[in-house]
Amino acid sequence: MIDKSIEENFEKIEELLEKLENNKDNLDESIKIYEKASDIYKKLEERLNEYKAKVETITSDE
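Residues numbered from 1 in each chain as written. Predicted model: local features only at pLDDT ≥ 70, side-chain atom pairs only at ≥ 80, totals over all residues. Heavy atoms only, no water.

The protein chain is annotated in an unreviewed UniProt entry as Exodeoxyribonuclease VII small subunit of Anaerococcus prevotii. Comment text from UniProt for the protein chain, heading Sequence similarities (unreviewed entry), reads "Belongs to the XseB family." (UniProt positions renumbered as here; feature names shortened; annotations may be inferred.)

Ranked by size, the top nonpolar core spans seven residues in total: Ile6, Ile13, Leu16, Ile33, Ala37, Ile40 and Leu44. Of all the secondary structure elements, the ones that give two or more residues to this core are α1 (6-22) and α2 (27-60). When residues in this core are grouped by element, the largest group, four residues, is from α2. In this structure leucine 16 touches Ile33, Lys36, Ala37 and Ile40, once residues within four positions along its chain are discounted. (Core = buried A, V, L, I, M, F, W, Y, C linked by side-chain atoms within 4.5 Å. Buried < 20%, exposed > 50% of the residue type's maximum accessible area, 1.4 Å probe, protein only. Helix = DSSP H or I, 4+ residues; strand = E, 2+ residues; numbered from the N terminus. Contact = heavy atoms within 4.5 Å.)

So, about the environment of serine 60. With respect to the helices and strands, serine 60 occurs in helix α2. For serine 60, a relative accessible area of 55% gives the class exposed. Reaching out from serine 60, the side chain makes a polar contact with the backbone oxygen of threonine 57 at a distance of 3.0 Å. (Polar contact = N/O pair within 3.5 Å; in protein donor to acceptor, adjacent residues only side chain to side chain.)

Here you go:
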């Protein structure tokens with residue numbers, strides 16, 4: 001998932017959350033969906049932190 005753009009990953013999380021909201025009967029499936037969304041979120045957070053560090057480096061040099 002990390003190879004996708006940030007926007008694509010946010011869209012995937014939204015899709016997974018919709019599935020999770022609509023999946024009222026199957027706990028095992030809900031847990032799998034949650035784990036997948038959580039993994040994508042963690043990777044997105046890492047990428048955003050990298051971008052934040054780059055911006056801070058650029059702006060601190062000015």
